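Residue-level structural notes
Here is what each chain is made of, one letter per residue.
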Amino acid sequence: MSQQTFEEAIAEYVERCHESVGKEREEGHPPGPGTPYPIGEPPYEAAIKFDERTIRNYALSIGNTNPLFVDPEYGKQTRYGSMLAPNTALILVRSPGGQGPTRPEGYPVGDFFSGLAWEFFDVIRAGDGRFKNTKKTSEFFEKTGSRGRLLFLIEEIKYWNAHADLVGKCYGTLILVPIESMGAGRAMNVDRLGESLMYDRSTSKYSEGQIEEYVLQMKSRKRRGSTPLFWEDVEIGDKLGPLVVPPFTLLDQTVQRVVNSAATGRYGTSGDELAFEPVYRHNKEGKGGYGKGFAHPITRWPHGPGDEHTDALMAAYRGQPGPFDGGQHRSQLPHALISDWMGDDGFVRRYQCALRKPVYYGDTTFYEGEVVNKFKEVQEGDNAPGGQSGNTEYCAVGIKLEGKNQVGEVQMQGAITVYLPSREGGQVRLPIPHKGNPPYVPYERFYRDWYQG
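Attention in this report is confined to the structure presented alongside it. Every value quoted in this text rests on a predicted model; they were computed, and no experiment measured them.

For the rest of this paragraph, the subject is the overall build of the protein chain. For the protein chain, the count of helices and strands is 11 helices and 12 strands. Taking 453 residues into account, the globule formula puts the C-alpha radius of gyration at 22 Å, and the protein chain, at 22 Å, falls close to it. Dimensions along the principal axes, computed over C-alpha positions, put the protein chain at roughly 70 × 55 × 40 Å. Looking at the 453 residues of the protein chain, the share that counts as buried comes to 55%. Looking at the protein chain alone, contacts between residues at least 24 apart form 75% of all its contacts between residues at least 6 apart. For the protein chain, the exposed area adds up to about 19,900 Å²; of that, 51% sits on carbon and sulfur atoms.

Next comes the structure, spelled out in structure tokens:
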């Protein structure tokens, strides 16, 4: 047990965060435990292949039923010649989440995945595999929020396909909240759980009128599909949605974790460590990344940090009044809104989202968008390793996104740049020309104006 004070533990944590800038992150690097592949050195190769089943399961786990992502025969009839994965599926190769520096007893901070920003250069086709990646801390800074001191860790992930072409980049944002009631470690005394909660919320009850209204909105959802949306036909002020996501359940919470863990070994478990005695050993040995000592407040048996999301009693470890969603999962849900609107021929070039408040058990989410910019931009590339040479003009649309719950709280705000086909210029030309080492985009830019050129 650490003899540090809370203040000393936080000071050590902050120092280690500063030291991590520019260095490779060790958390969650592929291949996951239980795979027959050696870990090796970065860039790490992920033990995953985007076969038709994996793509379909992933798409359904984020609520996207677009035939392009779930029906192989449909995909073969498109200009791509195959089923595609939503580009956000790169999250299976390497997660943008994490918890920052670790030690056996952990640090007294609550970690919250609070947003990401993607850059995409090409589509992901059925059969693609052998993706490699690097994940480095790119920025660390502090802010003062309504809840006090906040620590921000920003990371940059690069993804290369089997041909060593860079297909995407991701910037992940992790907010760490110092929690004094944890003392000097991460395993809070179970008798102190609930002393300091971040929000005061209870599960919502819905009237029959609300249910009828939400179901009607769900039934009115439209999908463009194979009908092209031409750039010339889009106007600033055009609305997207709403995309209505029904009340959040524990099945919604666990489905993506099961899909991801079975495919990749994410969350620090191999495919056989998801339940019963194997996961008990996993938690007892403190393999979840926070250290040992997590005890359930009722049974006093060891639990892992993932249980903070799904167990109503464990949620207090993260300062929450009840079960809440995973931020990475939520960041992917608006993809269905965009793909329905732009159709099969559109291409998501940049996508950013900031997560404002958790989605709690029983919350309904309404995702909407608005076209706020319409422009053309030129992308240039080179022949450096990972690059794509060329000089191509694209017809782009900038969209602002927002997700609200049933009581009007904003849970997500974001921005997206979509490339659309043009009557004059034709289809979106892929892959997008890019440099082998594209410039880093700092937090203050992608956080504020990612929808612009």
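Before going further, it helps to examine the packing of aromatic side chains. Applying the stated criterion across every chain, the model contains 14 aromatic pairs. Between the aromatic rings of Tyr214 and Phe366, the centroid separation amounts to 4.9 Å while the plane-to-plane angle is 70 degrees, which identifies the pairing as edge-to-face. In this pair, Tyr214 is assigned in helix H5 (residues 208-219) and Phe366 in strand E10 (residues 365-381), connecting sequence segments 152 residues apart. No difference in accessibility class separates Tyr214 from Phe366, as the two residues are buried.

Time to look at the environment of Ala184. Along the chain, Ala184 falls in the loop between strand E7 (166-178) and H5. A residue is classified by how much of its surface remains accessible, and Ala184, at 11% relative accessible area, is buried. Residues Ala184 and Ile338, 154 residues apart in the sequence, show an inter-C-alpha distance of 44 Å.

Judged by pairing direction, the sheet is antiparallel, and its 10 strands sit side by side in the order E1-E5-E6-E7-E3-E9-E12-E11-E10-E8 without closing on themselves. Because the sheet does not close on itself, it has two edges, and the strands there are strand E1 (44-45) and strand E8 (239-245). For E10 and strand E11 (residues 390-405), the ladder comprises 16 bridges, and the chain directions are antiparallel. When the sheet's bridge partners are listed, Lys374 is paired in E11 with Val397. Of the strands in this sheet, strand E3 (109-120), strand E5 (132-145), strand E6 (148-160) and E7 are in contact with helix H1 (residues 6-20), which crosses E6 at around 30 degrees. Set on the sheet, H5 makes contact with E8 and E10; between it and E8 the angle comes to about 125 degrees.

On to the pattern of salt bridges. For the coordinates displayed, the defined rule picks out 23 salt bridges. Between Arg79 and Asp345 there is a salt bridge, with the nearest N and O atoms lying 3.6 Å from each other. Remark: Asp345 occurs in the loop between helix H10 (335-342) and strand E9 (347-355) and Arg79 occurs in the loop between helix H4 (72-76) and strand E2 (84-85); sequence separation between them is 266 residues. Overall, the relative accessible area of 38% leaves Arg79 in the partly exposed class. Note that Glu119 is salt-bridged to Arg349, the shortest N-O span being 3.8 Å. Taken together, the residues span a long stretch of sequence, with Glu119 in strand E3 and Arg349 in strand E9 at a distance of 230 residues.

On to the pairing of E9. Both faces of the sheet carry side chains from a regular strand, because those side chains alternate between them. Most of E9 sits inside the fold, with nine of its nine residues counted as buried. In terms of strand pairing, E3 meets E9 through five bridges, oriented antiparallel. Across the sheet, the residue bridging to Gly115 is Ala354, located in E9. By the bridge criterion, eight bridges tie E9 to strand E12 (residues 410-419) in an arrangement that is antiparallel. Looking at the pairing, Cys353 lines up with Gly414 of E12.

Here we take up the environment of Arg201. On the secondary structure map, Arg201 appears in the loop between E7 and H5. On a C-alpha basis, the gap between Arg201 and Pro321 in space is 6.4 Å, while along the polypeptide they are 120 residues apart. The residues touching Arg201, leaving out its near neighbours within four places in the chain, are Pro321, Tyr360, Asp363, Asn405, Gln406 and Glu409. Here the side chain of Arg201 touches Asp363 through a polar contact of 2.7 Å, side chain to side chain.

End to end, H1 covers 21 Å across 15 residues, agreeing with the expected 21 Å (1.5 Å per residue, within 8%). Taken as a whole, H1 has its buried residues at Phe6, Ala9, Ile10, Tyr13, Val14, Cys17 and Ser20. All buried residues of H1 lie within an arc of 135 degrees about the axis, which places them on one face of the element. Contacts made by the buried residues of H1 are with E3, E5, E6 and E7. Backbone geometry just after H1 places Gly22 at a positive phi near 90 degrees.

Basis of the calculations
Residues numbered from 1 in each chain as written. Predicted model: local features only at pLDDT ≥ 70, side-chain atom pairs only at ≥ 80, totals over all residues. Heavy atoms only, no water. Helix = DSSP H or I, 4+ residues; strand = E, 2+ residues; numbered from the N terminus. Rg over C-alpha atoms; globule rule 2.2 N^0.38 Å. Buried < 20%, exposed > 50% of the residue type's maximum accessible area, 1.4 Å probe, protein only. Contact = heavy atoms within 4.5 Å. Areas by Shrake-Rupley, 256 points an atom, 1.4 Å probe, with all protein chains shown as cover. Phe/Tyr/Trp six-rings, centres within 6.5 Å; stacked < 30°, edge-to-face > 60°. Pairing = 2+ DSSP bridges. Axes fitted to C-alpha atoms, helices over the stretch in contact; angles between N-to-C directions. Salt bridge = Lys/Arg side-chain N within 4 Å of Asp/Glu carboxyl O. Polar contact = N/O pair within 3.5 Å; in protein donor to acceptor, adjacent residues only side chain to side chain. Expected span 1.5 Å × (residues − 1). Arc of directions from axis to C-beta.

Just distances and angles here, no functional claims.
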